[in-house]
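# Observations on the model geometry
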Amino acid sequence: MSLDSITEQIAHFVGTFELTTEQARWRDQYEEFVALRRKAELENLEDPTRIEVKAPLKMNPGDYDPISYKFAPLKSDLPPPAVSPGPVEDAVLMSNPAFGPDVFFPETLGFGGGVQFNVILKPEFIHQLIGSAVTYTVQKIHLNDNDVVGEGNFRDAEALMEQGQALKAVAMSLHAVSTPSIHIQDYQSGEAIEQLIEQMQSPVTIDIEGVTVHQFHGEDATGIIVNGEHVDEMPDFLELMPEHHKKDLEEEEDEYGISDDLPAEWDQSEDQEFEDGHSIVAGGNFAVNEVAVTVGWVDAPNIVVGGQAVNLTFVSQVAVVTDVDQGEGAQSKTQVLQASDISTEANEAAWLELNVAEDPEQDPIVSIDWISGDLLVTNFIQQLIDATDIDHIATEITSSSTVYTLGDNILTNVTNILQLGTYYDVIIIGGDMISVDVVTQTIVFTDNDVIHGAHTTDAEDNLVMNQVSLKTEGQDSHTEMSANLASTVDLQEVDTDALEDALLNDPMFAGTELIRVLKIEGDLMQVNVIDQVTMLQDDDDVYVETPGGAEVSALGAGNALLNAASVTKMGVDSVVMAQEGEYSELMLHQASMFDSPEDENPELINEAIAVLMEEVDAPGNSEHAPGHSKLTPSEAASIDDGLQSMLA
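Residues numbered from 1 in each chain as written. Predicted model: local features only at pLDDT ≥ 70, side-chain atom pairs only at ≥ 80, totals over all residues. Heavy atoms only, no water.

## Examining the overall build of the protein chain
Scanning the protein chain from N- to C-terminus turns up 10 helices and 32 strands. Across the 648 residues of the protein chain, 44% fall into the buried class. Partitioning the intrachain contacts of the protein chain with sequence separation of at least 6 by distance along the chain shows that 90% fall at a separation of at least 24. (Helix = DSSP H or I, 4+ residues; strand = E, 2+ residues; numbered from the N terminus. Buried < 20%, exposed > 50% of the residue type's maximum accessible area, 1.4 Å probe, protein only. Contact = heavy atoms within 4.5 Å.)

So, in structure tokens, the structure goes:
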């Protein structure tokens, strides 16, 4: 981290003072050493470098006698150790007759000059027992970049901001379900699960003119879906970005294709040279919420569940956009994309082919990890960008070159979580196995510009994108549970021998060398909840006068907004045996409202927005817009730095 000039001078002074003090201290010691050496040379001392250490230790004689120890002689008729069959290769230990004092090796062994022992050891598989993994991530950005240059008949910025907050409440009301809970106890009690299942079975029906809604259930929601249509390829945000930001990326990339550590505009070593011309940048904002979660905590080819196996996946994407410009020049264009990619890939457990005993009649080795309560693997992530870039400028340009940069803000929230655990051969769960993945994405964007006296640039386009990728490695199949495995569900750690006997007698594990078992007495709960909200108001008023007739270019658009969430669950193909059956639900919801002169019925859209805004009592307090869940005081105390993890 760079320091300011005053702090740097103080740091240099402190460092110089420390060095000077240390130098003086060593000089005193050196002069004393030189004096002693010269004195030794003059007096012809035999050993001038001898150092005497005095240790006045008083030891009473007779109090600390040596401890007596005797080696017991070996019996001459000692038989050789028996060789027991085992699943591992014999360990060989070589020794010679001088192994130790008075050690006797019988000549009847007939090993000549050396002695060989065959030692059979029972292998112990020791690894660190994993616990629960719980993360909370809360990232928020609030920006008010409302610039005012000159005086003019500008729109009221406060009124525009109130309308934007009302639009945000409208956008929240377009979700099919309410914002899911982020309280762990709600999932442990089952309340949040029941509420989510009920809402997914009967989602909110949105039948409003001007609002486009696409809903998919079950297998229909899998694959790549963009704006309600199945496509073959996922759109690339970087390729679709406005030209204004593409130029910035090209300038920042070095010859290796890697951006510099610091932006180029930070280099102020030389005076900047401006090209001739006049330009005003009131837009050009970049706002991104990005999450990448990779989870591979626990999985097994065989899963025994004493309760119910529940798998819920819900994705809700909402975009509310208004882009209506006034004045000279072309109308800006806004591209709205809502993309989802939900897929499941097969992944066989690679170690099963190698986990075969050499002797088919040999009993496998059983290694058991016990968890007395619930095993939780949860990630709760909230990202919010709330930005206003309402610029007002009224100016007269008479110079040879002019540059006004009122926008060009960059706002990013980025979270990357990697959780890697352990694979087992069988997981036995006493309670329920619950898997929940919920992603809600909301974008509210307004770009209603008023421009007079300037012409818009060729880069007058915006990009709004919600993007979700949910990938599961490992397919689950369901079958009935055998009576033998059903007897293991209620076993506790004191019943380890009974659990081992049940697994050894089960034909499923016949012929295997090792059975790694995870026994969870409670529930196995894996939850990923991601909530992303991006709101940007770029409503600009630009009034320019040019007495000399010079041309002025104005960029009121050029904005790029992205909510991107990626969840990858790493696992293997599993056979799930649940006593109370299984339940699975998958739903994709995409809703958008776009107010633009290019729409066929802009009046209907304006009326729909007006009606919805009248229904809200105040910005952010709509009955149709469920509020975000709040953390408990104990949970809030654990997320001071934005991300904390707990291993229990």
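Structure shown, so let's carry the discussion forward.
## Overview of the nonpolar core
Counting 38 residues, the largest nonpolar core has V298 and I427 as the members making the most contacts within it. Per-element tally for this core: the top contributor is strand β9 (residues 286-299), with 5 residues. For V298, the residues in contact, after removing those within four places along its chain, are I130, L375, T422, Y424, I427, L518, L524 and Q526. Counting residues in each nonpolar core, the second largest holds 24 residues, with V177, M200, L376 and F380 among its members. (Core = buried A, V, L, I, M, F, W, Y, C linked by side-chain atoms within 4.5 Å.)

## Points about the sheet that holds strand β17 (residues 401-405)
Read across the open sheet, the 4 strands follow the order β17-β8-β28-β22; overall the sheet is parallel. Two strands bound the open sheet, and with one partner strand each, they are β17 and β22 (455-456). (Pairing = 2+ DSSP bridges.)

## Quick look at helix α2 (residues 157-173)
Spanning 17 residues, α2 covers 25 Å between terminal C-alpha atoms, matching the ideal 24 Å at 1.5 Å per step. Buried residues dominate α2, accounting for 12 of its 17 residues. Buried within α2 are the following residues: A157, L160, M161, G164, A166, L167, K168, A169, V170, A171, M172 and S173. A distance of 3.2 Å separates the backbone nitrogen of E158 from a side-chain oxygen at the start of α2, and that oxygen is part of D156. (Expected span 1.5 Å × (residues − 1). Polar contact = N/O pair within 3.5 Å; in protein donor to acceptor, adjacent residues only side chain to side chain.)

## What about the packing of aromatic side chains?
To describe a pair of aromatic rings, one takes the distance between the centres and the angle between the planes. By the definition in use, this model includes 5 aromatic pairs. An angle of 40 degrees between the planes, with centres 6.0 Å apart, marks the rings of Y187 and F380 as tilted. With Y187 in helix α3 (residues 184-189) and F380 in strand β15 (residues 375-388), the pair connects residues that are 193 residues apart, well separated along the chain. Here Y187 and F380 have matching classes, each one buried. When the ring of W351 is compared with that of Y423, the centres are 5.6 Å apart and the planes differ by 20 degrees; the resulting orientation is stacked. In this pair, W351 sits in the loop between β13 (333-345) and β14 (365-371) while Y423 sits in strand β18 (residues 410-423), placing the two residues 72 residues apart along the sequence. The class for Y423 is partly exposed, based on a relative accessible area of 26%. Looking at R516, its charged tip hangs above the ring of W351, at a distance of 5.2 Å from the centre. (Phe/Tyr/Trp six-rings, centres within 6.5 Å; stacked < 30°, edge-to-face > 60°. Lys NZ or Arg CZ within 6 Å of the ring centre and 35° of its normal.)

## What about helix α4 (residues 191-201)?
Listed in full, the buried residues belonging to α4 are A192, I193, L196, I197, Q199 and M200. Considered in projection along α4, the buried side chains sweep an arc of 170 degrees and stay on one side of the axis. In α4, the exposed residues that point more than 90 degrees away from the buried face are E191, E194, E198 and Q201. Check the buried side of α4 and you find it contacts α3, β5 (211-217), β11 (309-322), β20 (433-446) and β31 (582-595). (Arc of directions from axis to C-beta.)

## With respect to a nonpolar patch on the surface
Taken together, the side chains of I6, I10, F13, V14 and F17 make up a nonpolar region of the molecular surface, amounting to roughly 550 Å² of accessible area. For F13, the position within the fold is in helix α1 (residues 5-43). (Patch = residues over 30% accessible without salt bridge, like charges linked within 9 Å, V, L, I, M, F, W, Y side chains within 5 Å. Areas by Shrake-Rupley, 256 points an atom, 1.4 Å probe, with all protein chains shown as cover. Salt bridge = Lys/Arg side-chain N within 4 Å of Asp/Glu carboxyl O.)

## Brief notes about the environment of G190
Within the secondary structure layout, G190 lies in the loop between α3 and α4. Judged by relative accessible area, which is 18%, G190 ranks as buried. Through-space distance from the C-alpha of G190 to that of I434 is 9.8 Å; in sequence the pair is 244 residues apart.

## Quick word on the sheet that holds strand β12 (residues 326-327)
Spatially, 5 strands are ordered β4-β16-β27-β21-β12 in an open sheet, and the strand pairing comes out parallel. In the strand order of this sheet, the two ends are held by β4 (148-149) and β12, each with one partner. The pairing of strand β21 (residues 450-452) with strand β27 (residues 541-545) spans 3 bridges and is parallel. Paired with V450 across the two strands is D541, which belongs to β27.

## Regarding the pairing of strand β23 (residues 461-473)
The side chains of a regular strand alternate, residue by residue, between the two faces of the sheet. Here β13 pairs with β23 via 13 bridges, running parallel. Following the sheet pairing, Q335 is matched in β23 by L463. Taken together, the 11 bridges between β23 and strand β29 (residues 560-570) define a ladder with parallel strand orientation. Looking across to β29, one finds that K471 is bridged to T568.

## Overview of the pattern of salt bridges
Applying the stated criterion across every chain yields a total of 4 salt bridges. Between D425 and R516 there is a salt bridge, with the nearest N and O atoms lying 3.3 Å from each other. Taken together, the residues D425 in the loop between β18 and β19 (426-429) and R516 in strand β25 (residues 514-520) connect sequence positions 91 residues apart. For R516, a relative accessible area of 24% translates into the label partly exposed.

## As for the environment of I428
Position of I428 relative to the elements: it lies in strand β19. Once the C-alpha coordinates of I428 and W370 are considered, the two residues, 58 residues apart in sequence, prove to be 9.8 Å apart. When near neighbours in sequence (up to four residues on either side) are disregarded, I428 contacts V304, T488, V489, L499, V517, L518, K519 and I520.

## Considerations on the confidence of the model for the protein chain
Close reading of the predicted structure is inappropriate where its pLDDT is low. Chain-level pLDDT for the protein chain is 79 on average; 73% of the residues reach the 70-or-more range. Of the regions scoring below 50 in pLDDT, residues 81-125 engages in 45 contacts with residues more than four places distant in sequence or in other chains. Note on residues 616-648: pLDDT under 50 across the span, and 65 contacts to partners over four residues away in sequence or across chains. (pLDDT = per-residue confidence, 0-100.)

## Observations regarding a negative patch on the surface
There is a patch of like negative charges on the surface, built from D232, E233, D236 and E239. Within the secondary structure layout, D232 lies in the loop between β7 (229-231) and α5 (237-240). You can call D232 exposed: its relative accessible area is 81%. (Lys, Arg positive; Asp, Glu negative; His and termini not counted. Charge placed at Lys NZ, Arg CZ, Asp CG, Glu CD.)

## Quick notes on the pairing of strand β16 (residues 392-396)
The element β16 is extensively covered by neighbouring structure, given that 4 of its 5 residues are classed as buried. Bridge analysis of β4 against β16 gives 2 bridges, and the strand direction is parallel. Its bridge partner being in β16, V148 is matched across the sheet by H392. Note that β16 and β27 share 5 bridges and pair parallel. If you follow I393 over to β27, its bridge partner there is V542.

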